[in-house]
Amino acid sequence: GAFVFAWVLIKAGQSRALGILLFTVIVFHPASFIVNNLAYPDTFYASVLLFCLAGLILLLLKRDDPYRRWYALGTGIALALLWHIRQENIIISGFFACYALIWYLHVRSERQSRRNKLRQFMVLVAAPFAVIILVSLVVKTVNYARFGVFSGDAMFTSDFEAASKSLMRITPKVPIRFVAVPHEVRQRAYEISPAFKELEFYFEGDLGRTWASYAKDAGVQVPGEISTGHIWWGLNQATYYAGYNKSARQAGRFYRRIASEINIACDDGRITCRNVISSLVDPASQNYLPYLGESFLHIVRLFNTSTEPTKPQEHSNLPPDLLNLVNSVTNRRAA
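(A) Examining the overall build of the chain more closely. Assigned secondary structure in the chain consists of 16 helices and 0 strands. Of all 335 residues assigned to the chain, the portion counted as buried reaches 35%. Here the analysis covers contacts within the chain between residues at least 6 apart in sequence; of these, 64% occur between residues at least 24 apart. In the chain, 35 side chains carry a positive charge and 24 a negative one; their mean positions are 11 Å apart.

(B) Spatial organisation of helix α14 (residues 248-267). Spanning 20 residues, α14 covers 28 Å between terminal C-alpha atoms, matching the ideal 28 Å at 1.5 Å per step. Buried within α14 we find Q250, A251, G252, F254, Y255, I258, A259, E261, I262, A265 and C266. Those residues of α14 that are buried lie in contact with α8 (158-169), α9 (183-192), α10 (194-197) and α13 (228-241). Of the residues trailing α14, G269 is marked for its positive phi of about 85°.

(C) Looking closely at the state of the cysteines. Applying the stated criterion across every chain, the model contains 1 disulfide. Through a disulfide, C266 is tied to C273; the S-S separation comes to 1.9 Å. Its torsion about the S-S bond being -70°, the disulfide of C266 and C273 is classed as left-handed. C273 gets classed as partly exposed once you look at its relative accessible area, which sits at 23%.

(D) Geometry of the packing of aromatic side chains. One pass over the full model with this rule turns up 12 aromatic pairs. Summarising the aromatic geometry, the rings of Y202 and Y241 are spaced 6.4 Å apart at their centres and angled 40° between planes, so their arrangement reads as tilted. In this pair, Y202 sits in helix α11 (residues 200-203) while Y241 sits in helix α13, placing the two residues 39 residues apart along the sequence. Note on Y241: relative accessible area 46%, which makes it partly exposed. Ring plane angle 75° and centroid distance 5.8 Å describe the contact between W211 and Y214, whose orientation is recorded as edge-to-face. Here W211 falls in the buried class, since its relative accessible area comes to 15%. The class of Y214 is partly exposed, set by a relative accessible area of 36%.

Cut-offs applied
Residues numbered from 1 in each chain as written. Predicted model: local features only at pLDDT ≥ 70, side-chain atom pairs only at ≥ 80, totals over all residues. Heavy atoms only, no water. Helix = DSSP H or I, 4+ residues; strand = E, 2+ residues; numbered from the N terminus. Buried < 20%, exposed > 50% of the residue type's maximum accessible area, 1.4 Å probe, protein only. Contact = heavy atoms within 4.5 Å. Lys, Arg positive; Asp, Glu negative; His and termini not counted. Charge placed at Lys NZ, Arg CZ, Asp CG, Glu CD. Expected span 1.5 Å × (residues − 1). Disulfide = S-S within 2.5 Å. Phe/Tyr/Trp six-rings, centres within 6.5 Å; stacked < 30°, edge-to-face > 60°.

Right under this line is the structure:
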């Protein structure tokens, strides 16, 4: 990924020295010696992202090249892989939209017929996007045939997302950074949603305390709260423990009940609610906008930190058959 990215930048007219420097910085980034030894989606995501960015730059550079259709196909496949590695598809949509805007600004300044511009659009913009849609449909179709749910991810079905967004609609009395659904919001949700009430035992018991124990590492400063990054895993697990684990469709019906009951309470004014764009984006912008600069500097400082990240330990309660599967998939040896 680093090599292809650097090679494309050189092809785009940048100096070889810059390409070699960027390749070296990416490959020998200190954190990579820890991160690339972990079987995390994030690690794979970073590598494929480099291929995607290189492909998009190459398409802009070679928009009149006779092989541009192959470049578009390769870039589309890389983007489709990236689309399914993690759930934050909105990020990919964002930078692909930026790419489309850059293409538009380039082609607008060129003197060529509308027909040629349309051909360019179909190859350079529409084709990679079509590959993403096609691969996504294939993945969803396979999941539907196997599990009975038309989705690429169990936690991002339309039913699960509806339940998540309905919980985020409830306006917190006091916004808490990194916490989209605080404890007091859950308490009000129990009162208006009999379906969500079924999960109270789990959220407010040992299961909820376990998820809350990870909150400090996610930056949450209020004890006992569950971070936005963990609340949806908690919802998924609580639903499973509550008995809605026979099939994806059964869980889906339960999630729809939660969403319907909360949304009705919001609409008839029984509870104060707010607009929600995505279950991945906190509606309270004051929780993140003022901190973007600070967060960016925090990431930059990771490039020259002298502190070695803590190495994750094996879970002591990991079943032997699961451990053997992980070792097989990640090609780990006994050492």
